[in-house]
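If you want the building blocks of each chain, they are given just below.
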Amino acid sequence: MGTLDRTIEGYRSDPQNMPLPEVLRLAARQLLATGDKVSARKVLESVFARELEDHQLVAANVLGLAEIRIAAGDTPGAVELLRRLVVVVGNPFENLDRLY
């Protein structure tokens, strides 16, 4: 298990010490900028999973996690998340900005 995996596992076992989601998203963007897609996905997966565990059931979290599952080759897992999206996220347009 690599350093990143151990760090993420540590956050899972002690979520009180997990950095803010914005900090982890920035770290993922930096990893993507260096070409490390695998590590960026791991970081984002932990962010999306944690937010869903905290009942932040917004479309962006579910869709982000589903996209990561597809990229990892877990199509059945992604489909299950998308089914869950339909059930748990209220109005499908509530997260969109108003056009007027």
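Thresholds applied
- Residues numbered from 1 in each chain as written.
- Predicted model: local features only at pLDDT ≥ 70, side-chain atom pairs only at ≥ 80, totals over all residues.
- Heavy atoms only, no water.
- Axes fitted to C-alpha atoms, helices over the stretch in contact; angles between N-to-C directions.
- Helix = DSSP H or I, 4+ residues; strand = E, 2+ residues; numbered from the N terminus.
- Parallel < 35°, antiparallel > 145°, perpendicular 65-115°, else oblique.
- Left-handed = near helix turned anticlockwise from the far one by under 90°.
- Contact = heavy atoms within 4.5 Å.
- Nonpolar A, V, L, I, M, F, W, Y, C, P; charged D, E, K, R; others polar.
- Core = buried A, V, L, I, M, F, W, Y, C linked by side-chain atoms within 4.5 Å.
- Buried < 20%, exposed > 50% of the residue type's maximum accessible area, 1.4 Å probe, protein only.
- Expected span 1.5 Å × (residues − 1).

Engineer: An account of the packing of helix 4 (residues 59-71) against helix 5 (residues 75-88) is needed here, citing residue identities and associated values.
Structural biologist: For the pair helix 4 and helix 5, interaxial distance at closest approach is 7 Å and the crossing angle is 165°. Here helix 4 lies roughly antiparallel to helix 5, going by the angle between them. Once helix 4 is placed against helix 5, the crossing between them reads as left-handed. Of the residues in helix 5, those touching helix 4 at Ala-59, Val-62, Leu-63, Leu-65, Ala-66, Arg-69 and Ile-70 are Thr-75, Gly-77, Ala-78, Leu-81, Leu-82 and Leu-85. Classifying every residue of the contact of helix 4 with helix 5 by side-chain character gives 10 nonpolar, 2 polar and 1 charged.

Engineer: Any chance you could break down the nonpolar core for me, citing the residues and the numbers?
Structural biologist: Counting 17 residues, the largest nonpolar core has Leu-24, Ala-28, Leu-44, Phe-48, Val-62, Leu-65 and Leu-81 as the members making the most contacts within it. Contributions of two or more residues to this core are made by helix 2 (21-33), helix 3 (37-53), helix 4 and helix 5. At 6 residues, the largest contribution of residues to this core is made by helix 3.

Engineer: So, the side chain of Glu-51: which residues are in play, and what are the values?
Structural biologist: You can see Glu-51 is positioned in helix 3. Judged by its relative accessible area of 8%, Glu-51 is buried.

Engineer: A description of the packing of helix 1 (residues 3-13) against helix 3 should follow, citing residues and the corresponding values.
Structural biologist: Contact pair helix 1 / helix 3: the axes reach a minimum separation of 11 Å and the direction vectors enclose 5°. Overall, the two elements helix 1 and helix 3 adopt an arrangement that is roughly parallel. On helix 3, the residues touching Leu-4, Asp-5 and Ile-8 of helix 1 are Ser-39, Lys-42, Val-43 and Ser-46. Classifying every residue of the contact of helix 1 with helix 3 gives 3 nonpolar, 2 polar and 2 charged.

Engineer: Break down helix 4 for me, citing the residues and quoting the values.
Structural biologist: Its 13 residues place the ends of helix 4 18 Å apart at the C-alpha level, agreeing with the 18 Å of an ideal helix rising 1.5 Å per residue. In this fold, the buried residues of helix 4 make contact with helix 2, helix 3 and helix 5.

Engineer: Describe the side chain of Ser-39, naming the residues involved and giving the relevant values.
Structural biologist: Within the element layout of this structure, Ser-39 appears in helix 3. Its relative accessible area of 15% is what places Ser-39 among the buried residues. Every residue in contact with Ser-39, bar those within four places of it in the chain, is listed here: Leu-4 and Leu-31.

Spatial relationships are all this shows, so hold off on functional conclusions.
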